[in-house]
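The residues making up each chain are set out below.
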Amino acid sequence: MLALFDLDNTLIDRNGGLESWARDFARSRRLGEGATAVICERLRERTYPADFVHLRETLGLDDAPGDLWQEYVDGVARSVRCFPGVLEGLEGLRAEGWTLGVATNGAADVQRAKLAATGLAPFFEGICISEEVGVRKPAYAHFKAAATLCGRRLGSGGWMVGDKPETDIGGARVAGLRSVWVAGGRTWADGLPEPDVVVPGVVEAIGVMRAAA
Ligand SMILES: [Mg+2]
């Protein structure tokens, strides 16, 4: 069976890693108290090299934007952590014969750096990053590319686990995958097509899939 996972704030605590990196970065440049919040606000939803052109101006930095981007890629990859139990859960799925993939929106270098630094990369047959495949979730083509990278077809069924209602759960529905929403303390917004399963965190998602197999 195929299981696709979102990366940021599903397998790894991206928000926590970003805040930790931003705090260290602000301190390293002797920026004021508000700088950490400015950085996090700018980078919370998505982060690309162009964001550092903006931040360089806003924060009055001398560094070249490309150097800032590289500092971010290296630094945030060191700062992010898997949620507890993730590596063991993925190992269990692999042992039971599951085919695992990542379906993530983002820039290739930073997503790959995070997958490598957290030790996640070896668990996955296929890693589908929007910048590399040229299409973002929730598009059907993104999920199709993810399945193909795993050596599977979407028509054979499978699961998608993620934290974002529109991109992960909405996308899974269009792709014909069963969906597990990692709620992280939130409640599902009325009006959106509902996920098949709601769980507090990714470890519970893995448990649900193993039990259903
Ligand atoms: Mg996410």
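In case you missed it, the structure is sitting above this.
To start, this report covers the structure provided alongside it. (Residues numbered from 1 in each chain as written. Predicted model: local features only at pLDDT ≥ 70, side-chain atom pairs only at ≥ 80, totals over all residues. Heavy atoms only, no water.)

**Focus on the sheet that holds strand E5 (residues 178-182)**
The criterion, for reference: Strands pair, by our definition, only if DSSP identifies at least two bridges between them. Helix and strand assignments follow DSSP, with helices taken as H or I runs no shorter than four residues and strands as E runs no shorter than two, numbered in order from the N terminus. All axes here are fitted lines through C-alpha atoms, helices being fitted over the stretch that makes contact, and every angle between N-to-C directions spans 0 to 180 degrees. Residue contacts are counted whenever heavy atoms from the two residues lie within 4.5 Å of one another.
An order of E3-E2-E1-E4-E5-E6 is seen for the six strands of this open sheet, with the pairing classed as parallel. With one partner strand each, in any of the chains shown, strand E3 (126-129) and strand E6 (197-199) form the two edges of the open sheet. Strand after strand, the sheet turns through a mean of 20° between neighbouring axes, direction not considered. Both strand E4 (residues 159-162) and E5 contribute to a ladder of four bridges, which runs parallel. Residue Trp159 lies in a different strand from E5, and its bridge partner there is Arg178. Taken strand by strand, helix H9 (residues 165-175) contacts E4 and E5, and its axis lies near 160° from that of E5. Together, strand E1 (2-5), E4, E5 and E6 form the strand contacts of helix H10 (residues 202-212), whose direction differs from that of E4 by roughly 165°.

**Section: the packing of aromatic side chains**
Formally: Two rings belonging to Phe, Tyr or Trp (six-membered ring only in the last case) form a pair when the distance between their centres is within 6.5 Å. Interplanar angles under 30 degrees mark stacking, angles over 60 mark edge-to-face geometry, and anything in between is tilted. Relative accessibility decides the category of a residue: with a 1.4 Å probe and only protein chains considered, values under 20% of the type maximum give buried, values over 50% give exposed, and everything between is partly exposed.
Counted according to the given criterion, the structure contains eight aromatic pairs. Here Trp21 and Phe52 contribute two aromatic rings whose centre-to-centre distance is 6.4 Å and whose plane-to-plane angle is 80°, an arrangement assigned as edge-to-face. Pair noted here: Trp21 is in helix H1 (residues 14-28) and Phe52 is in helix H3 (residues 49-59), with a separation of 31 residues, a long-range link. Relative to Tyr72, the ring of Trp21 lies with its centre 5.2 Å away and its plane at 85°, an arrangement referred to as edge-to-face. In this pair, Trp21 sits in helix H1 while Tyr72 sits in helix H4 (residues 65-79), placing the two residues 51 residues apart along the sequence. A single burial state applies to Trp21 and to Tyr72, both of which are buried. The structure contains a cluster of three or more aromatic residues connected by ring pairs, namely Trp21, Phe25, Phe52, Trp69 and Tyr72.

**Describing the coordination of the magnesium ion**
Where we set the bar: In this listing, donors mean N, O and S atoms no farther than 2.8 Å from the metal, or 3.2 Å for Na, K and Ca; water is missing from the atoms, so a site can look incomplete.
Within the protein, Asp6 (OD), Asp8 (O) and Asp163 (OD) serve as the donor atoms for the magnesium ion, at 2.0 to 2.2 Å. Motif for the magnesium ion, donor spacing along one chain: D-x1-D-x154-D. You'll find Asp6 and Asp8 in the same group, each marked buried.

**Considerations on the pattern of salt bridges**
Short version of the rule: By salt bridge we mean one thing: a side-chain nitrogen of Lys or Arg within 4 Å of a carboxyl oxygen of Asp or Glu.
Applying the stated criterion across every chain, the model contains twelve salt bridges. Ionic pairing is found between Asp6 and Lys137, a salt bridge with its closest N-O pair at 2.9 Å. Taken together, the residues span a long stretch of sequence, with Asp6 in the loop between E1 and H1 and Lys137 in the loop between helix H7 (130-133) and helix H8 (140-149) at a distance of 131 residues. Residue classification places Asp6 among the buried positions, given a relative accessible area of 6%. Residue classification places Lys137 among the buried positions, given a relative accessible area of 5%. A salt bridge links Asp63 to Arg29; its shortest N-O distance comes to 2.9 Å. Taken together, the residues Asp63 in the loop between H3 and H4 and Arg29 in the loop between H1 and helix H2 (35-43) connect sequence positions 34 residues apart. Judged by relative accessible area, Arg29 falls into the partly exposed class, the value being 24%. In the salt-bridge network here, residues are joined through shared partners; they are Asp6, Lys137 and Asp168.

These figures come from the coordinates and say nothing about function on their own.
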